[in-house]
Amino acid sequence: MADNALSLVPRAEGKQTMKDFKSDQEVRWCPGCGDYAVLAAVQGFMPELGLAKENIVFVSGIGCSSRFPYYMNTYGMHSIHGRAPAIATGLAATRRDLSVWVVTGDGDALSIGGNHLIHALRRNVNLKILLFNNRIYGLTKGQYSPTSEAGKITKSTPMGSLDSPFNPVSLALGAEASFVARTVDSDRKHLTSVLRAASEHPGTALVEIYQNCNIFNDGAFEVLKDKQQALEAVIRLEHGEPIRFGAPAEDGLGSKGVVRERATGELRIVDVTEEGTDEVLVHDAHARSPMTAFALSRLADPETLHHTPIGVLRDVERPVYDTEMSDQLEAAVEQNGKGDLSALLHGHDTWTVAG
Amino acid sequence: MTSQVSSPAEGRPDDGKEIRRLDRVIIRFAGDSGDGMQLTGDRFTSDTASFGNDLSTLPNFPAEIRAPAGTLPGVSSFQLHFADHDILTPGDAPNVLVAMNPAALKANIADVPRGAEVIVNTDEFTKRAMAKVGYDESPLEDGSLDGYSVHPVPLTTLTVEALKDFDVSRKDAGRSKNMFALGLLSWMYHRPTEATEQFLRTKFAAKPEVAEANIAAYRAGWNFGETTEDFAVSYEVAPASATFPPGTYRNISGNLALSYGLIAASQRADLPLFLGSYPITPASDVLHELSKHKNFGVRTFQAEDEIAGIGAALGAAFGGSLGVTTTSGPGVALKSETIGLAVSLELPLVVVDIQRGGPSTGLPTKTEQADLLQAMFGRNGEAPVPIVAPATPTDCFDAALEAARIALTYRTPVFLLSDGYLANGSEPWRIPELDELPDLRVQFAHGPNHVQEDGSEVFQPYKRDPHTLARPWAVPGTPGLEHRIGGIEKQDGTGNISYDPANHDFMVRTRQAKVDGVEVPEITVDDPDRSANVLVLGWGSTYGPITAAVRRVRREGGRIAQAHLRHLNPFPRNLGEVLARYDKVVVPEMNLGQLATLVRAKYLIDAESYTQVRGLPFKAEQLAAALKEAVDRG
């Protein structure tokens, strides 16, 4: 079944550096935009991946983050609003020798392109989707987005938005995603570790990147970035590790822990200094069932972002669309022989008119 | 129906009945959606094709899969026109109507002229069934069918009787009545029977008893014709030997021909075929067909929606596949933005629109050619797209190759505008030899194509071929040609984002010039003695009816010239000159005058529009009357 996502992608011949992945185009995001940090992290990570850069493709939709491909010295396509996953699906399904990345935003992926996102995830096409979530529409100058908190005051919602937001991680898990992770633009180390895991994952990987828009939604994720507040707000998930966070307890791990309620199966946050550590859940990103990953994704308060899990929530292997499509082609040749055009055109019922 | 000569049939036992020779016949099978009329028509067509007649078919069925039984909306029909000479349409007026129930009679009798034969399944003419479609009295008895040659046949009873020794229920036995009817008609018209029997054995290979029951019903129908006195005459229609150039032939529908054309294009281009599609009537059959041919390296992707279908096809094209998307009018509307992106990216892409009645959901199973202006202009900005429209079901094969040729040569999306009539209609096709097919091989970019002022060599994704104005096709995986493309306006040459006014003006005009410069064959005019004052100009599937109508006009002494457009964008270079030669240009279309609008705008001629939007092809007789009137007016 699932080979490594990159097993058919040619390797780079020489040693690569970050510079190899910088295009000659001037980066035109607003000064201070979180996108710069993500771009630097991706450019910095690519040499580690060690792939021939001509076999790497970035496909994006529309929005601030979707300018990303112009700045990568790889193949790239800046497409139309919301459609990048569909376009990338056609590319990945026909070219298994490519490493295909989709760059999208909260409006692009979850509003106008919501349909393509969920179907890419359920198909498990070999795509790595980087979803830059800034919880606002930036390029159109500040309307609320499908991840904006309810009641948000924006240019299009002067009395507050009436929409409830999506939780992208919950959505992806519901859409049968085989790999779902969340990270933060400013934490380069964590971001890189998540990119590494995603790049190796066979099938579709969704990486939600909390990204600050310093013009229209500045400080949206400050609670996750400020060292003191982050202690309480961020739940760092590591596969095989107990889910602990908060100020360190005596054992050096967080003083808060996530436990499962016996009666209901719901997850609950407890103070381990009071309730002990025996019941604390150990994170299993490879669990077949997405139930616990989903429950973890629901711990976050959409208003305050308290108890936001970051890291790889789910990483399981299941059949990869493009691999199976390719297998069907091979099976068809095995069963019927390589296509013979003349035989096809003739079919079974012919008659001859003599000259 | 001329030249009626009595002669014994060859290779068939003399049943002592009169045999008349006809030059052509039009048969319409009509019944409930569940009566198997399409299958019956298909079989009669296959047997007729292999017999060597020329033929043309018109399947006509409701959008509902199983509309309530016995109702007018549930009537499904299949019309077949076959002849001993070349014919162009499925025919105007049936010589024979087979009506499996009162609804089928009611829905179809108005199309059938007095004097024609009407075979009715009397078993279904119960009071209740007749009341359901508004017959207060039985049309078989109230005189309303006077003047028709009515054959009341208890088809269901006879079929059940014929199958009494089979281990099938009465209900299941009755379902074979379509095969009984097929057998009867096959006797009447001297059709060969082996192929249908073989077909039934193959179709029901898993249920041999069902196969044998159907064959028994089929033979019973034949024997019924031979023995019953109600059918005193049978008919011969000789093979159309003189019509067909030498070669190997088969019968083929437009959608099948189009599917084969796409596979042939992929083979001749040596590029893998990728189809991104979303199911939609009447285009789904192309998706079904292509999905059967994975051993040709064909990848079919049933997308989550129309937009994803074309998006994936465009992504595949970026990767070096022959990208295709198939749809009908509503799907084109959804794909418009992506077609615009393809115009901007300048990547090859074939967009197949099997047109159906519109607007909106319209008439899903009926034909129309009202998407011409949508194909031409239905995008934001200046987004020219070449358009190819097949003229006949078999032409769908060549038109698919032609659309692929233009897409690959000029790196552009191309519309292939078929329609429901071509899609489902069929006719004999001379199977081409492979070396008759065009060579569509392309050269991917493989290295730098530009020397900069400092002498360094670079790759410019938007540096064009000076002849075709096509940009290089540099596929991912090619070292050194890494580049970024997108929907934002690009700088000429480099392809970098550019908002420069002069550059945008240049790029818009260049994209237009590229499409305007697509090389297409000149239009030919059929004007036998070069004396006509009136030219009839058609496009797409109206070719058959227009040509048949032109023949009629000429037979009656009218002078009329005919020209047919297969390329709608760009028009053939000589079109303006051709149009200027005639005092009057008449443009028949199954829309409200879309081609007429285009030629009036481009050539400043007073083109006369003749239109109908009934979901059905033109009838030759009616069109001939309109053309004759135009000729007579002078």
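Computed from a predicted model, the values in this text were never measured in an experiment.

### A few points about the overall build of chain B
Inference 1: Secondary structure summary: chain B contains 20 helices and 25 strands in total.
Inference 2: Taken over the C-alpha trace, chain B has a radius of gyration of 27 Å; the compact-globule value for 634 residues is 26 Å, and the two agree within 12%.
Inference 3: Taken over the C-alpha atoms alone, chain B extends approximately 95 × 60 × 50 Å along its principal axes.
Inference 4: Residue pairs in contact within chain B that sit at least 24 positions apart in sequence constitute 75% of those at least 6 positions apart.

### Digging into the environment of B:G593
Residue and element names in this part refer to chain B.
Inference 1: Note that G593 resides in the loop between β24 (584-589) and α19 (594-603).
Inference 2: For G593, a count of 17 C-beta atoms within 10 Å corresponds to the partly exposed category.
Inference 3: For G593 and L372, which are 221 residues apart along the polypeptide, the C-alpha to C-alpha distance reads 9.9 Å.
Inference 4: The residues touching G593, leaving out its near neighbours within four places in the chain, are S609 and T611.

### Considering the interface of chain A and chain B
Where the parts come together, the accessible area they lose is often given as the size of the interface.
Inference 1: Across the contact, 53 residues belong to chain A and 58 residues belong to chain B.
Inference 2: Among the elements of the structure, β2 (75-78), α2 (84-94), α4 (114-123), α11 (321-336), α12 (341-346) and β12 (351-353) of chain A are those that each provide at least two residues to the side of chain A that touches chain B.
Inference 3: When residues in the side of chain A that touches chain B are grouped by element, the largest group, eight residues, is from α2(A).
Inference 4: Taken together, the three bridges between β2(A) and strand β19 (residues 484-486) of chain B define a ladder with parallel strand orientation. Pairing of A:M77 across the sheet is with B:I485, part of β19(B).

### Focus: the packing of helix α9 (residues 254-269) of chain B against helix α14 (residues 395-410) of chain B
Residues and elements named next belong to chain B.
Inference 1: Interhelical geometry of α9 versus α14 gives an angle of 40 degrees and a closest axis separation of 7 Å. As far as their axial angle goes, α14 and α9 are oblique. Here α9 and α14 pass one another in a crossing that is right-handed. Residues G254, A257, L258, Y260, G261, L262, A264, A265 and A269 of α9 pack against C396, F397, D398, A399, A400, L401, A404 and L408 of α14.
Inference 2: Of the residues that constitute the contact of α9 with α14, the class distribution is 14 nonpolar, two polar and one charged.

### Side note on helix α11 (residues 306-318) of chain B
Inference 1: Its 13 residues place the ends of α11(B) 19 Å apart at the C-alpha level, agreeing with the 18 Å of an ideal helix rising 1.5 Å per residue.
Inference 2: With respect to burial, α11(B) is a largely interior element, 13 of its 13 residues being buried.

### Section: the environment of B:K584
Residue and element names in this part refer to chain B.
Inference 1: Within the secondary structure, K584 sits in strand β24.
Inference 2: By the C-beta count within 10 Å, which is 18 here, K584 ends up partly exposed.
Inference 3: Distance from K584 to I605, taken between C-alpha atoms, is 8.6 Å for residues 21 residues apart in sequence.
Inference 4: Once residues lying within four places of it in the same chain are set aside, the contact partners of K584 are N533, V534, E608 and A630.

### So, the sheet that holds strand β8 (residues 244-248) of chain A
The pairing of strands in a sheet happens through backbone hydrogen bonds and is either parallel or antiparallel.
Residues and elements named next belong to chain A.
Inference 1: Pairing is antiparallel across the open sheet formed by three strands, whose spatial order is β8-β9-β10. The outermost strands of the open sheet, each flanked by one partner alone, are β8 and β10 (267-271). Taking the axes of each pair of neighbouring strands and ignoring which way they run, one obtains an average angle of 25 degrees across the sheet.

### Points about the confidence of the model for chain B
Inference 1: The share of residues in chain B with pLDDT of 70 or more is 98%, and the mean pLDDT across the chain is 95.
Inference 2: In the predicted assembly, ipTM is 0.97 and pTM is 0.95.

### Looking at helix α1 (residues 34-49) of chain A
Every α-helix carries 3.6 residues per turn, so stepping three or four residues along brings you back to the same face.
Residues and elements named next belong to chain A.
Inference 1: Across its 16 residues, α1 extends 23 Å between first and last C-alpha, which sits within 8% of the 22 Å expected from 1.5 Å per residue.
Inference 2: Packed against the buried residues of α1 are β4 (127-133), α6 (188-200) and β6 (205-210).
Inference 3: Downstream of α1 by one or two residues, G50 has phi in the positive range, about 70 degrees.

### Considerations on the pairing of β24(B)
For a regular strand, side chains alternate in direction, first toward one face of the sheet and then toward the other.
Residue and element names in this part refer to chain B.
Inference 1: Most of β24 sits inside the fold, with five of its six residues counted as buried.
Inference 2: Sheet topology places strand β21 (residues 534-539) next to β24; three bridges connect them, and they run parallel. In the strand pairing of β24, L535 is matched with V585.
Inference 3: Across four bridges, the pairing between β24 and strand β25 (residues 608-611) is parallel. From the neighbouring strand, E589 faces β25, where its bridge partner is T611.
Inference 4: The handedness of the β24 to β25 crossover, carried by α19, is right-handed.

### A short note on the pairing of strand β10 (residues 273-277) of chain B
Residues and elements named next belong to chain B.
Inference 1: β10 sits mainly inside the fold: five of its five residues count as buried.
Inference 2: Pairing between β10 and strand β12 (residues 322-327): five bridges, direction parallel. From the neighbouring strand, L275 faces β12, where its bridge partner is V324.
Inference 3: Here β10 runs beside strand β11 (residues 299-302); their pairing, made up of four bridges, is parallel. Each residue of the ladder has a partner; that of S277, found in β11, is Q302.
Inference 4: Following the chain from β10 across helix α10 (residues 284-291) to the adjacent parallel β11, one finds a crossover that is right-handed.

### Some points on the packing of helix α4 (residues 155-162) of chain B against helix α8 (residues 208-227) of chain B
All names here are of chain B.
Inference 1: Two numbers describe how α4 lies on α8: the axes approach to 9 Å, and their chain directions differ by 120 degrees. In terms of orientation, α4 lies oblique with respect to α8. Crossing of α4 over α8 shows right-handed handedness. For the pair α4 and α8, the contacting residues are L158, T159 and A162 in the first and A216, A217, A220 and F224 in the second.

### Observations regarding the nonpolar core
Inference 1: Counting residues in each nonpolar core, the largest one holds 262 residues, and the members touching the most others are B:A400, B:A404, B:L416 and B:L627.
Inference 2: Looking at which element gives the most residues to this core, the answer is α14(B), with 11 residues.
Inference 3: In this view, B:L416 contacts B:V350, B:V351, B:V352, B:V388, B:A399, B:A400 and B:A403; residues no more than four positions away in its chain are not counted.
Inference 4: Within the second largest apolar cluster, six residues are counted, among which are A:C33, A:Y137, A:Y144 and A:C213.

Conventions used here
- Within each chain, residue numbers correspond to sequence positions counted from 1 in written order.
- Starting at A for chains and at 1 for ligands, labels are handed out in the order in which the entities are written.
- In view of the model being predicted, local features appear only for residues whose pLDDT reaches at least 70, and side-chain atom pairs are presented and counted only at 80 or more, with totals across whole chains, interfaces and linings using the full set of residues.
- Secondary structure follows DSSP: runs of H or I at least 4 residues long count as helices, runs of E at least 2 residues long count as strands, and numbering of each begins at the N terminus.
- Put simply, the radius of gyration uses C-alpha atoms, and a globule should come to 2.2 Å times the residue count raised to 0.38.
- What counts as a contact is two residues whose backbone-derived C-beta atoms lie within 7 Å of each other.
- Any residue whose C-beta has 12 or fewer other C-beta atoms within 10 Å is treated as exposed, any with 20 or more as buried, and any in between as partly exposed, C-beta atoms being built from the backbone.
- Two strands qualify as a pair provided that DSSP identifies no fewer than 2 bridges between them.
- Every angle, taken between N-to-C directions, lies between 0 and 180 degrees, and every axis is a line fitted to C-alpha atoms, over only the stretch in contact when it is a helix.
- Angles below 35 degrees are treated as roughly parallel, those above 145 as roughly antiparallel, those between 65 and 115 as roughly perpendicular, and all remaining angles as oblique.
- Each crossing is labelled by how the near helix is turned from the far one, with a counterclockwise turn of less than a right angle marking it left-handed and a clockwise turn marking it right-handed.
- Any residue outside Ala, Val, Leu, Ile, Met, Phe, Trp, Tyr, Cys, Pro, Asp, Glu, Lys and Arg is labelled polar, Gly included; the first ten of those are nonpolar and the last four are charged.
- Under the convention used throughout, the expected extent of a helix is 1.5 Å for every residue step, that is, one less than its residue count.
- Predictor confidence is given residue by residue as pLDDT, running from a minimum of 0 to a maximum of 100.
- Look down the strands so they point away from you; if the path from the first strand over the helix to the second goes clockwise, the crossover is right-handed.
- Any set of buried Ala, Val, Leu, Ile, Met, Phe, Trp, Tyr and Cys residues joined through C-beta atoms within 7 Å is what this text calls a nonpolar core.

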